[in-house]
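# Fold and geometry: a report
So you can see what is in the structure, the chains are spelled out below.
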Amino acid sequence: MTVPAATQTFDASLDAVVVGAGFGGMYMMLKLRENGYSARVYETGDDVGGTWYWNRYPGCRCDVESMQYSYSFSDELQQEWNWSERYAPQPEILAYARHVADRFDLRRDIEFETRIDRATFDEATNRWTIETNTGKRISARYFITAVGCLSTANLPDFPDRDAFKGNIYHTGQWPHEGVDFTGRRVAVIGTGSSGIQSIPLIAKQSKSLHVFQRTANFVVPARNRPLDPEERAAVKADYAALRAKGRSRPTGFFFEHNNFSALDVDDAERERLYEKFWDNGGLTFLGVFNDLLISPESNETAAEFVRNKIRKIVKDPETAELLAPRDIIGCKRLCADTGYFETFNLPHVKLVDISKSPISRLTENGLMVGETEYQVDDIVCATGFDAMTGALLKMDIRGVGGRTLNDKWEHGPRSYLGLGVKGFPNMFTITGPGSPSVFANMILCVEQHSDWIVGCMNHMRDEKLKRIEATLDAEDAWVEHNREIGDGSLRSQCKSWYLGSNIPGKPKVFSPYIGGFPIYTDKLAESVSHDYRGFELSR
Ligand code: NA7
């Protein structure tokens, strides 16, 4: 039975509800407050930080350089904060998030330990009713999600999971008190970024370590190092220009890159350039040539360069071959390591290839692969996330006519600009599927979306409008545009979480917008300058 909105009672009536107190939710809250809106952020955790709150596994750090993976909206903030390393470790990023929350007095508008379970659009009032796991009901004109792209842990449902008597951890839900693996027999399942970062450190503590690899991943050295004061000062003195340079690049962050093809140079020069970028470290390796993600032939030169590096580092040839990925470099997200491959030279570390024979079940004492039982005390699942859509679809979101977002996205996410969804008026999805998000500097992305959303809300307020909804035509065209440019990139050619292939049964749709940050910026601006083209606005 639907209770008419007019007769409902609410615990709060707000202009906007924001879901999630990670970097997106915090900045959105700040903008809403600055622009005079009543708003509240609801957050499941007991503190700010989002992904950096939950992912506390050993070795967890950002793969984007610290001086760029930080807010750009406040020069005072970026001048006063001192990153200690080239790639900030998780505790430092969390400390930064806390600092931002305190500095801008955000906590008073954040309700922690409160999960949004349901949001229902009421067509009579053009407002959302939002319900929490604590029993609260809030009415809001706008429902804004800032739930992150990699926030719903994928814990595989191994048969007989409960039979295992030891501990099972997921890297994305790591115990806050930490885990001591000293003297323990450990299994790590998964060799994506989280596995690659944690394996060397778990190996240091554990008595034995078995790494279960379904797909080998391309990994380049991070070359992490402390940042010295002069280096920081030089960036800070030039921060505005550096940020502008970042915004002008497809990834939203600036790094050295070349504007020619891998096939434009001879073998010796190609090798020299790969060596140079390898020595420099980090994901910028994919910037050596401009066609590595377009031309399979060019890509293969980079892939083979990395495979050869693996063969040189890993002493056992059989293990080296198993660790050397066969597919396209950069198709799955490239990983950056500190001592990952070297770890497999340690006598107590073993790689178990599960590409042909998966983990069939857990036992009381470990796990089974084929007929072999691996006895362990602890299992670490570095098995990733239900990426891009997982956190959105976990909520019961109901739009026009009571249609759920789950139903609307049955065959994959559909949105206009990754921000608005037809049938879900007054809902905005910060870094939603269909926006650059994971292909760009996430912090610039959340700033961009929040600025756009609040600009739109101001327009609606000025014009006394009550409802904004993406049109079906705009949504269809955007989905098609995403598909077309996705098809043109090698990134869509393998099984990855960009495509949803890591989650059994999930529709295989290439979700992030791959057109690049500057082009996307223009698209957002064009919509605004054409009276919010692609959206229907009404009283
Ligand atoms: P990823 O990159 O999704 O990696 C997860 C890993 O776990 C990957 O090697 C998967 O193999 C493996 N996996 C997933 N499910 C299973 C099962 N059922 N059995 C065995 N192995 C499995 O997640 P991360 O947390 O490492 O990184 C996510 C992003 O966070 C990363 O890209 C950075 O952007 C930060 P697969 O490759 O699917 O065969």
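Per chain, residues are indexed from 1 in the order of the written sequence. With pLDDT at 70 or above as the cut-off, local features in this predicted model cover only qualifying residues; side-chain atom pairs require 80 or more to be listed or tallied, and sums for whole chains, interfaces and linings still use all residues. Based on all heavy atoms of the structure, the side-chain values leave hydrogens and waters out of the count.

### Describing the domain arrangement of the protein chain
Either an automatic procedure or a domain database provided the assignment from which the domain bounds are taken. Taken domain by domain, the protein chain comprises domain 1 (8–152 + 387–538) and domain 2 (154–217 + 332–384). The distance between the C-alpha centroids of domain 1 and domain 2 comes to 32 Å. Between domain 1 and domain 2, the residue contacts involve 20 residues of the former and 17 residues of the latter. By definition, the buried area sums, over both parts, the 1.4 Å-probe accessible area that each loses when the two are put together. Both sides of the domain 1 and domain 2 interface together cover about 1600 Å² of buried area, and 49% of this is carbon and sulfur. When the buried area of domain 1 at its contact with domain 2 is split by residue, Tyr57, Pro58 and Asp63 rank highest and sum to 34% of it. Linking arginine 333 and aspartate 63 is a salt bridge whose minimum nitrogen-to-oxygen distance equals 2.9 Å. We define a polar contact as two N or O atoms separated by no more than 3.5 Å, with the added condition that, inside protein, one atom must be a possible hydrogen donor and the other a possible acceptor, whereas residues neighbouring each other in sequence contribute only through side-chain atom pairs. There are eight residue pairs in polar contact (both at pLDDT 80 or more) connecting domain 1 and domain 2. Here the side of domain 1 that touches domain 2 is built from residues that sort into eleven nonpolar, five polar and four charged. Residues are treated as being in contact if the distance between any of their heavy atoms lies within 4.5 Å. What makes a salt bridge here is a side-chain nitrogen of Lys or Arg within 4 Å of a carboxyl oxygen of Asp or Glu, nothing more. Amino acids are sorted into nonpolar (Ala, Val, Leu, Ile, Met, Phe, Trp, Tyr, Cys and Pro), charged (Asp, Glu, Lys and Arg) and polar (every other residue, Gly among them).

### Considering the environment of tyrosine 53
In this fold, tyrosine 53 is placed in helix H2 (residues 51–54). Along the primary structure tyrosine 53 and tyrosine 532 are separated by 479 residues, whereas in three dimensions their C-alpha atoms are 35 Å apart. Filtering out sequence-adjacent residues up to four positions away, tyrosine 53 remains in contact with Gly45, Asp46, Asp47, Val48, Leu94 and His176. The secondary structure listing takes helices from DSSP runs of H or I that are at least 4 residues long and strands from runs of E that are at least 2 residues long, numbered from the N terminus.

### Describing the site of the ligand
The environment of the ligand is made up of 19 residues, and the closest members are Ser193, Ser194, Thr215, Lys332 and Arg333. We get accessible surface area from the Shrake-Rupley algorithm with a probe of 1.4 Å; when it comes to residues, only the shown protein chains can shield them. Coverage of the ligand by the protein chains reaches 86% of its 780 Å² of free accessible surface. Among the residues forming the shell around the ligand, the class breakdown is seven nonpolar, nine polar and three charged. We call a residue near a molecule or strand as soon as one heavy atom of that residue lies within 4 Å of the molecule or strand.

### Describing helix H5 (residues 193–205)
A residue's bend is simply the angle between two axes: one fitted to the seven residues ending at it, one to the seven starting at it. If you look at H5, its biggest bend is around 35°, right at isoleucine 199, and the proline proline 200 turns up within four residues after that. Buried residues of H5: Ser194, Gly195, Ile196, Gln197, Ser198, Ile199, Pro200, Ile202 and Ala203, and no others. Relative accessibility decides the category of a residue: with a 1.4 Å probe and only protein chains considered, values under 20% of the type maximum give buried, values over 50% give exposed, and everything between is partly exposed.

### Comments concerning the sheet that holds strand E13 (residues 359–362)
At least two DSSP bridges between two strands are needed for those strands to be called paired. Strand order across the open sheet formed by three strands is E13-E14-E15, with antiparallel pairing between neighbours. The open sheet has two edge strands, E13 and strand E15 (372–375), and neither has a second partner. Neighbouring strand axes in the sheet, compared pairwise and without regard to direction, differ in orientation by 25° on average. Note: E13 against strand E14 (residues 366–369), three bridges, orientation antiparallel. Its bridge partner lying in E14, arginine 361 is registered against methionine 368. Comment: axis = line fitted to C-alpha atoms, over the contacting stretch for helices; angle = value between 0 and 180 degrees taken between N-to-C directions.

### Digging into the environment of valine 19
Mapped onto the elements of the fold, valine 19 is located in strand E1 (residues 12–19). Spatially, the C-alpha atom of valine 19 lies 9.0 Å from that of threonine 44, the residues being 25 residues apart in sequence. Beyond its immediate sequence surroundings of up to four residues, valine 19 is in contact with Tyr42, Ile116, Phe143, Ile144, Thr145, Ala146, Val147 and Met395.

### Description of unusual backbone geometry
Backbone geometry places threonine 431, a non-glycine residue, at a positive phi of 50°. With phi around 60°, tyrosine 532 is a residue other than glycine that occupies positive phi space.

### A short note on the packing of aromatic side chains
Centres within 6.5 Å are what make two rings of Phe, Tyr or Trp a pair, Trp counting through its six-membered ring; a difference in plane orientation under 30 degrees is then read as stacked, over 60 as edge-to-face, and the rest as tilted. Taken as a whole, this structure holds 42 aromatic pairs when the rule is applied. Seen in terms of ring centroids, phenylalanine 23 and tyrosine 69 are 6.1 Å apart; in terms of plane orientation they differ by 90°. Their pairing is edge-to-face. Within this pair, whereas phenylalanine 23 is found in helix H1 (residues 23–34), its partner tyrosine 69 is found in the loop between H2 and helix H3 (75–80), the two being separated by 46 residues in sequence. A relative accessible area of 8% means that phenylalanine 23 is categorised as buried. Where tryptophan 452 meets phenylalanine 535, the ring centres are 5.5 Å apart and the plane angle is 40°; that geometry is what we call tilted. Linking tryptophan 452 in helix H14 (residues 442–462) with phenylalanine 535 in strand E20 (residues 535–538), this pair joins segments that are 83 residues apart in sequence. Here tryptophan 452 matches phenylalanine 535 in class, with each residue buried. Here a set of aromatic residues connected by ring pairs shows up, and it is made of Phe23, Tyr27, Trp52, Tyr69, Tyr71, Phe73, Trp81, Trp83, Tyr96 and Phe104. Across from the ring centre of tyrosine 53, 4.9 Å away, lies the NZ or CZ of arginine 56, which sits over that ring. When the ring centre of phenylalanine 255 is taken as reference, the NZ or CZ atom of arginine 249 above it lies at 5.8 Å. Put simply, a charge is over a ring when the Lys NZ or the Arg CZ is close to the ring centre, within 6 Å, and near the line of the ring normal, within 35 degrees.

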